[in-house]
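So you can see what is in the structure, the chains are spelled out below.
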Amino acid sequence: MLNFYRILLFLIVSVFSFSAIAQDNNDEDWRSKMPVRRLHKKPAVIVVDSTDNTTYYYEQKDDKKAKKADNKRQKEEKEKQERIAKYLKKKAEQNPDFEQEQEERKARQALLRAQLDSLLAIEYTVEELQYGPQPLVWVDEPISESVSELSETLLVTPDRVMPKDVSMELTNNDMFFYFDVVNGMPQKLRFHAQYYADDPLQIESVRFVVNGFNYFFTPLELPKTGKDGPRMYWETLDDELGAADKDMIYALSHATWSRVVFIGSEGFSHVKKFTDAQIKDFYAVLGLFLKMGGKL
C-alpha cells in the first residue's frame, strides 16, 4: 500500500512540473501572440461605369490629411489676395490715375486673350500650312486695269488683238498671246511661237519654267516648218489655249521671271528667256481678252 501512494505522489508532481515548463515556454513566445498591425495601403475603391461596364480603381486617401492640405492652400491663397489688395490700395493712394491704368491694362489683356482664342479656334489643315515658294495656279480675279490701260502696249484692230512689238514673220523669234475678234467678240486665246535658226529643231513639246516651276504644253497641231535659203530653218507653232492650260496662262502672265524650252523630236532643246516686256504683254492680252468677254 505504501508503494502505491509513492507512485501516485510521483505522478502528481510530474504533471505539475510539466505544466510549469510549458507555461514558461509560452511566456517566451509572447511576441507571436501580439495583434498584427497591417502597414499596406487601404484597399482601392472599385467603381463600375454602367454605360460601358468599364471598371475604374481609385486609391483611398487619408481624408484628414487631404482636408488639412486643402485648408492650408485656401489660407495661403487668401493671404495672397489680401496682400495684392493692400498693394493696389496703396498704389491707388499714391497715384490718382492708377485705377484707370489698371482698367486699361485689363482691357488690353482681354483683347489679346480674345485674339489668341480666335487663332486657336481656327482648324488648320496641312494644305493651308504652305512653306516656301509655291507654283502659280489659276485665280479667278478681276482685272483692275481699264481697257485703255491694257491697250497701251497692244495692237488692237477690229479683227485681232496682239502685242505691238511682235510680228508673225517667219524670220522672227517671237512668243506671245493673241486672239482674233469676230463681230466684236473675242475668239479663242492663242499662243504663237516662232523659231528661226540655222539648225532644225522639229518642235514636239514646250516646257515653260516660271519662278522655278515647270509647266508643260503639247501643241494640238504639229508646228509648220520650212527652210529659208541654204542655211536657215524656221518653225511656227500656233495653237489655241483652253481650260486645261489655265495654270500655264496665269503663270506666264503673272511671272516674276520665266523662260521657254522648245523640246525637239531628236532630243535637242532650245532655251530662251522671256523679257519683262513679254511678260507684261502676256498679262495685257489676257486682261483685254477677259474684259471683252473671252472664256477659257
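Note that the structure is predicted; figures quoted are calculated from it, not measured.

Undergrad: Account for the overall build of the chain, naming residues and giving values.
TA: Along its length, the chain carries six helices and twelve strands. Counting all 296 residues of the chain, 24% fall into the buried class. Once local pairs closer than 6 in sequence are excluded, the contacts in the chain between residues at least 24 apart make up 57%. Surface accessibility of the chain: about 22400 Å² in total, with carbon and sulfur atoms responsible for 55%.

Undergrad: A description of the environment of Lys-272 should follow, citing residues and the corresponding values.
TA: In this fold, Lys-272 is placed in strand β12 (residues 269-273). Relative accessible area serves as the criterion here: at 31%, Lys-272 is assigned to the partly exposed category. A sequence separation of 13 residues divides Lys-272 from Arg-259, and the C-alpha atoms of the two residues are 5.6 Å apart. The residues touching Lys-272, leaving out its near neighbours within four places in the chain, are Asn-173, Met-175, Arg-259 and Val-260.

Undergrad: So what's going on with the pairing of strand β8 (residues 213-217)? Residues and values would help.
TA: Both strand β7 (residues 203-210) and β8 contribute to a ladder of five bridges, which runs antiparallel. Note on β8: the bridge partner recorded for Val-210 is Phe-213. Between the antiparallel neighbours β7 and β8 lie two residues, among them Asn-211 with a positive phi of about 55°.

Undergrad: Go over the environment of Asn-214, please, and point to the residues and values.
TA: Among the structural elements, Asn-214 can be located in strand β8. Among the residues examined, Asn-214 registers a relative accessible area of 41% and is labelled partly exposed. Reaching out from Asn-214, the side chain makes a polar contact with the side chain of Arg-207 at a distance of 3.2 Å.

Undergrad: Report on the packing of helix α5 (residues 246-253) against helix α6 (residues 276-291), specifying residues and quantitative values.
TA: The contact between α5 and α6 brings their axes to 7 Å, and the two run at 125°. As far as their axial angle goes, α6 and α5 are oblique. Of the residues in α6, those touching α5 at Ile-249, Leu-252 and Ser-253 are Ile-279, Phe-282, Tyr-283 and Leu-286. Here the contact of α5 with α6 is built from residues that sort into six nonpolar, one polar and no charged.

Undergrad: Would you mind going over the packing of aromatic side chains in detail, with residue names and values included?
TA: According to the stated counting rule, one finds nine aromatic pairs in the structure shown. An aromatic cluster is defined as three or more aromatic residues linked by ring pairs; in this entry it consists of Phe-177, Phe-191, Phe-208, Phe-217, Phe-274 and Phe-282.

Undergrad: Hey, could you go over a nonpolar patch on the surface for me, with residue numbers and the actual values?
TA: Together, Ile-84, Tyr-87 and Leu-88 make up a nonpolar patch on the protein surface, roughly 270 Å² of accessible area in all. Locating Leu-88 in the fold gives a position in helix α2 (residues 63-94). Leu-88 gets classed as partly exposed once you look at its relative accessible area, which sits at 32%.

Undergrad: Would you mind going over the confidence of the model for the chain in detail, with residue names and values included?
TA: Looking at the chain, the pLDDT average stands at 81 and 76% of residues meet or exceed 70. With pLDDT under 50 throughout, residues 24-28 is counted as low confidence; its partners more than four residues away or in other chains account for zero contacts.

Undergrad: If you had to explain the pattern of salt bridges to someone new, which residues and values would you point to?
TA: Counted by the stated rule, this structure contains three salt bridges. Here Asp-70 ties to Arg-73 by a salt bridge, and the two come within 3.5 Å at their closest N and O atoms. Of the two residues, Asp-70 and Arg-73 both sit in helix α2, three residues apart, roughly one turn of that helix. For Asp-70, a relative accessible area of 31% corresponds to the partly exposed category. Among the salt bridges present, the one from Arg-190 reaches Asp-238, with a minimum N-O distance of 2.7 Å. Of the two residues, Arg-190 is situated in strand β6 (residues 185-197) and Asp-238 in strand β10 (residues 232-240); the sequence distance between them amounts to 48 residues.

Undergrad: Explain the nonpolar core residue by residue, including any values.
TA: Within the largest apolar cluster, 40 residues are counted, with the highest numbers of intra-cluster contacts made by Phe-177, Leu-189, Phe-191 and Phe-208. Mapped onto this core, the elements with two or more residues apiece are β5 (175-182), β6, β7, β8, α5, β11 (258-264) and α6. The element best represented in this core is α6, accounting for eight residues. When residues no more than four places from it in sequence are discounted, the contact partners of Phe-177 are Met-162, Pro-163, Leu-189, Arg-190, Phe-191, Leu-241, Ile-249, Leu-252, Phe-282 and Val-285.

The rules we used
Residues numbered from 1 in each chain as written. Predicted model: local features only at pLDDT ≥ 70, side-chain atom pairs only at ≥ 80, totals over all residues. Heavy atoms only, no water. Helix = DSSP H or I, 4+ residues; strand = E, 2+ residues; numbered from the N terminus. Buried < 20%, exposed > 50% of the residue type's maximum accessible area, 1.4 Å probe, protein only. Contact = heavy atoms within 4.5 Å. Areas by Shrake-Rupley, 256 points an atom, 1.4 Å probe, with all protein chains shown as cover. Pairing = 2+ DSSP bridges. Polar contact = N/O pair within 3.5 Å; in protein donor to acceptor, adjacent residues only side chain to side chain. Axes fitted to C-alpha atoms, helices over the stretch in contact; angles between N-to-C directions. Parallel < 35°, antiparallel > 145°, perpendicular 65-115°, else oblique. Nonpolar A, V, L, I, M, F, W, Y, C, P; charged D, E, K, R; others polar. Phe/Tyr/Trp six-rings, centres within 6.5 Å; stacked < 30°, edge-to-face > 60°. Patch = residues over 30% accessible without salt bridge, like charges linked within 9 Å, V, L, I, M, F, W, Y side chains within 5 Å. Salt bridge = Lys/Arg side-chain N within 4 Å of Asp/Glu carboxyl O. pLDDT = per-residue confidence, 0-100. Core = buried A, V, L, I, M, F, W, Y, C linked by side-chain atoms within 4.5 Å.

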